[in-house]
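Structural characterization, general
So the chains spell out like this:
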Amino acid sequence: MLRKSLLDKDSWLMGTSRPGWSLDCRDPDFIRAFQPLWGWFYEHYFRVRTEGWEQIPDGRVMFVGSHNGGMAAPDMFMMLYDWFERFGTDRVVYGLMHPTVWKVYPPLAFLAERAGAIAAHPKMAIAALERDASLLVYPGGAQDVFRPFHQRDRIHLRGRVGFLKIALEHHLPIVPAVSWGAHDTLLVLADIYPLARQIHELGLPWPFGIDPEVFPIYLGLPWGLALGPLPNLPWPRPIATRVGAPIYFERYGAEAARDRVYVEACYERVRHQMQRELDLLVAKYP
């Protein structure tokens, strides 16, 4: 049973106009209207090859992904296109997105919200589960999507275990979702966040007044050589995606979610299986 008490304290957040904090912005008509456009990108621009979707079990699941390609994150959108093509809009999935996206990139956030993006916060995840929806999470966040090109074949979950605590407490199987190729749509040369942090401490303000947690140098459209987590247009490159076998754990419930050692062991299991799935794609599409 879901713990509604976790929602009661801040229940005023649900259904308000605060961007990202309402489940009701998701618009099935909007999703269906955009499917032909995404289908063109899927078939002709990124020439996506995908596999493993038959392994998704019935009921609620938690997709855990690793993605590439900067703010455009084309592999994520191609995954969602596949979901909607296979399950339609009646099998609901919400994607957790960093709240700062609504502040920094409002047009992008507006579109994502109507496709099912919600603020990446445990309360929103639990609210979505209350509606019997599935979840799509990318624990690596900005550091993952902007990881340097030489790290393209490594899974980066950044040691974040919040998604696992939710999965354990609410008896969710975890479904790995990995991709290969989107790193070629944006060539990230390096992440100089530590240097940018030092400069900020000397008095230079962060762009938009927000610590971006990542400060890449990259080659990409439309800027050419860019500095910082700017939005980008992806180059047309083939993308391969893979859905792995669902991961079920030996223990579930609140007690398991509070067991730090057990949570860390589950985290390593998820990271290891995602790395194995990515290795399969790398070997198949070198």
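Before reading on, note that the structure itself is shown above.
What you see is a predicted model; the values in this text were computed from it and never measured.

1. Considering the layout of surface pockets
Each pocket or cavity is described by its volume, and for the second largest pocket that value is around 600 Å³. Taken together, 26 residues make up the lining of the second largest pocket; nearest its centre are Trp38, Ala72, Phe77, Leu108 and Leu111. The set of elements that each furnish at least two residues to the lining of the second largest pocket consists of helix H2 (28-45), helix H3 (74-87) and helix H5 (106-115). Per-element accounting of the lining of the second largest pocket gives the leading share, 8 residues, to H2.

2. Things to note about the packing of aromatic side chains
Between two aromatic rings, the relevant description is the distance of the centres plus the angle of the planes. The tally for this structure, following the rule as stated, stands at 16 aromatic pairs. A ring pair is formed by phenylalanine 63 and tryptophan 83, whose centres lie 5.5 Å apart and whose planes are at 80 degrees; its orientation type is edge-to-face. With phenylalanine 63 in strand E2 (residues 62-65) and tryptophan 83 in helix H3, the pair connects residues that are 20 residues apart, well separated along the chain. Cluster of aromatic residues (ring-pair linked, three or more members): Trp38, Trp40, Phe41, Tyr45, Phe46 and Phe77. Over the aromatic face of phenylalanine 87 sits the side chain of arginine 91, whose NZ or CZ is 4.7 Å from the ring centroid. The side chain of arginine 251 reaches across the aromatic face of tyrosine 262, ending 4.5 Å from its centre.

3. Here's the deal with the pairing of strand E3 (residues 93-97)
Taken across its 5 residues, E3 has 4 buried, putting it largely inside the fold. Judged from the 3 bridges that link them, E3 and strand E5 (residues 134-137) form a sheet pairing that is parallel. Each bridged residue has a counterpart across the sheet, and for tyrosine 94 the counterpart in E5 is leucine 135. Of the strand pairs in this sheet, E3 and strand E4 (residues 117-119) are connected by 3 bridges, and their pairing is parallel. The partner of methionine 97 across the bridge, within E4, is alanine 119.

4. So, the environment of valine 104
Residue position: valine 104 is located in helix H4 (residues 100-104). Separated by 105 residues in sequence, valine 104 and glycine 209 have C-alpha atoms that sit 9.6 Å apart. Not counting residues within four places of it along the chain, the set of residues in contact with valine 104 comprises Phe208 and Ile210.

5. Considerations on empty space enclosed by the protein
The final tally for this structure, using the stated rule, is 2 cavities of 30 Å³ or more. As for the largest cavity, its lining consists of Trp53, Phe63, Met79, Leu80, Trp83, Val93 and Leu136. Looking at the lining of the largest cavity, the element that brings in the most residues is H3, giving 3 residues. For the lining of the second largest cavity, the residue count by class is 5 nonpolar, 3 polar and 2 charged.

6. A word on the side chain of serine 134
Looking at the element boundaries, serine 134 is found in strand E5. Within polar-contact distance, the side chain of serine 134 engages the backbone nitrogen of valine 61 at 3.1 Å. Not counting residues up to four positions away in its chain, the partners in contact with serine 134 are Gly59, Arg60, Val61, Trp83, Val92, Val93 and Tyr94.

About the thresholds
- Residues numbered from 1 in each chain as written.
- Predicted model: local features only at pLDDT ≥ 70, side-chain atom pairs only at ≥ 80, totals over all residues.
- Heavy atoms only, no water.
- 1 Å grid on protein atoms, 1.4 Å probe; cavity = no way out; pocket = protein on both sides within 12 Å on 5 of 7 lines; lining within 4 Å.
- Points joined across faces, edges and corners; volume = space filled by probe spheres on them.
- Helix = DSSP H or I, 4+ residues; strand = E, 2+ residues; numbered from the N terminus.
- Phe/Tyr/Trp six-rings, centres within 6.5 Å; stacked < 30°, edge-to-face > 60°.
- Lys NZ or Arg CZ within 6 Å of the ring centre and 35° of its normal.
- Buried < 20%, exposed > 50% of the residue type's maximum accessible area, 1.4 Å probe, protein only.
- Pairing = 2+ DSSP bridges.
- Contact = heavy atoms within 4.5 Å.
- Nonpolar A, V, L, I, M, F, W, Y, C, P; charged D, E, K, R; others polar.
- Polar contact = N/O pair within 3.5 Å; in protein donor to acceptor, adjacent residues only side chain to side chain.

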